[in-house]
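# Tertiary structure, described
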Amino acid sequence: MQRTGRGRRRRPRSQISMRDRAGWENRMFETAFTPWASLGGGALIGLAAVLLMLVLGRVMGATGILAGVFAPASVYDLSWRVAILLGMFTGPTVYWLVTGGMPEITVPASMPMLIVGGVIVGAGVTYGSGCTSGHGVCGMARLSPRSIAATLTFMATTAATVFVVRHVIGG
């Protein structure tokens, strides 16, 4: 037996029964470390943001782009927004055609939790006047104080959420 930090005793992992181990492993959330794929994806997002700013003078915030589709200022305004959204939907199709399959995605949350999370994110985007792509990519690059504050808030909230889910609720 090993002692935990709180003075309780627990069995070493090797002594946990298969039934206990299955339940224990189902509560754990692992994050794959993919530095090259992440670097490539980040570079493409940055390139797209720079090109949109250079060509159209617009900030590439996904939420603002989507909202502008429902209330476009002009036909021209609608056209570039629809083109970007179509690219977001066709990108996975191109990936599937090139590789012959889609990457496996596991969502360790129930549908009600996803809906609650979506509502919370929607409220945050509304109160924060933008999303992570607008503030974190474009606003930070422009050294916008509002975007720096918003990105720090996103990151702190993310760290707190991960801690609670992994260490308080999940295990």
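You'll find the structure just up there.
Our subject in this report is the structure included herewith. Computed from a predicted structure; not experimentally measured. (Residues numbered from 1 in each chain as written. Predicted model: local features only at pLDDT ≥ 70, side-chain atom pairs only at ≥ 80, totals over all residues. Heavy atoms only, no water.)

## Observations regarding the overall build of the protein chain
- Looking only at helices and strands, the protein chain features seven helices and two strands.
- Beginning at the N terminus, the succession of helices and strands in the protein chain can be written as β-β-α-α-α-α-α-α-α.
- Counting over 171 residues, the protein chain shows a buried share of 15%.
- Considering only intrachain contacts with a sequence separation of at least 6, the fraction spanning at least 24 residues in the protein chain is 33%.
- In the structure as shown, the protein chain presents an accessible area of about 13,000 Å², 69% of it carried by carbon and sulfur atoms. (Helix = DSSP H or I, 4+ residues; strand = E, 2+ residues; numbered from the N terminus. Buried < 20%, exposed > 50% of the residue type's maximum accessible area, 1.4 Å probe, protein only. Contact = heavy atoms within 4.5 Å. Areas by Shrake-Rupley, 256 points an atom, 1.4 Å probe, with all protein chains shown as cover.)

## Here's the deal with helix H5 (residues 111-127)
- The first and last C-alpha atoms of H5 sit 24 Å apart over 17 residues, in line with the 24 Å expected at 1.5 Å per residue.
- Within H5, only one of the 17 residues are buried, leaving the element largely exposed.
- Immediately downstream of H5, the backbone of Ser-129 shows phi near 55°, a positive value. (Expected span 1.5 Å × (residues − 1).)

## A closer look at the pattern of salt bridges
- Per the stated rule, a full pass over the model turns up two salt bridges.
- Its salt-bridge partner being Arg-58, residue Asp-77 comes within 3.7 Å of it at the nearest N-O pair. Residue Asp-77 is found in helix H4 (residues 75-99), and its partner Arg-58 is found in the loop between helix H2 (35-56) and helix H3 (62-70); the two are separated by 19 residues along the sequence.
- Its relative accessible area of 7% is what places Asp-77 among the buried residues.
- In this structure, Asp-77 engages Arg-81 in a salt bridge whose closest nitrogen and oxygen atoms are separated by 3.1 Å. (Salt bridge = Lys/Arg side-chain N within 4 Å of Asp/Glu carboxyl O.)

## Some thoughts on the layout of surface pockets
- If you add up the space inside the second largest pocket, you get close to 480 Å³.
- Considering the residues around the second largest pocket, the lining is formed by Gly-41, Leu-44, Ile-45, Ala-48, Met-60, Ala-62, Met-88, Gly-91, Pro-103, Ser-133 and Val-137.
- Secondary structure elements with two or more residues in the lining of the second largest pocket: H2, H4 and helix H6 (132-141).
- In terms of residue count, the dominant contributor to the lining of the second largest pocket is H2 (four residues).
- Here the residues of the lining of the second largest pocket sort into eight nonpolar, three polar and no charged. (1 Å grid on protein atoms, 1.4 Å probe; cavity = no way out; pocket = protein on both sides within 12 Å on 5 of 7 lines; lining within 4 Å. Points joined across faces, edges and corners; volume = space filled by probe spheres on them. Nonpolar A, V, L, I, M, F, W, Y, C, P; charged D, E, K, R; others polar.)

## Here we look at the nonpolar core
- Core analysis: the largest hydrophobic core is formed by eight residues, namely Ala-49, Leu-52, Met-60, Ile-65, Trp-80, Ile-84, Leu-85 and Cys-138.
- Contributions of two or more residues to this core are made by H2 and H4.
- Broken down by element, the residue count for this core peaks at three residues, all from H4. (Core = buried A, V, L, I, M, F, W, Y, C linked by side-chain atoms within 4.5 Å.)

## A short note on the environment of Gly-130
- Tracing the chain through its elements places Gly-130 in the loop between H5 and H6.
- What makes Gly-130 buried here is its relative accessible area of 18%.
- Separated by 67 residues in the primary sequence, Gly-130 and Thr-63 place their C-alpha atoms 6.5 Å from one another.
- Look past the residues within four positions of Gly-130 in its chain and what remains in contact with it is Val-125, His-135 and Phe-154.

## What about the packing of H3 against H4?
- Closest axis-to-axis distance for the H3/H4 pair is 9 Å, and the angle between their directions is 125°. One finds that H3 runs oblique with respect to H4. You can see that H3 and H4 cross each other, and the crossing is left-handed. Along the contact surface, H3 presents Ala-62, Gly-64, Ile-65, Leu-66, Gly-68 and Val-69, while H4 presents Asp-77, Leu-78, Trp-80, Arg-81, Val-82, Ile-84, Leu-85 and Met-88.
- Tallied by class, residues from the contact of H3 with H4 come to 10 nonpolar, two polar and two charged. (Axes fitted to C-alpha atoms, helices over the stretch in contact; angles between N-to-C directions. Parallel < 35°, antiparallel > 145°, perpendicular 65-115°, else oblique. Left-handed = near helix turned anticlockwise from the far one by under 90°.)

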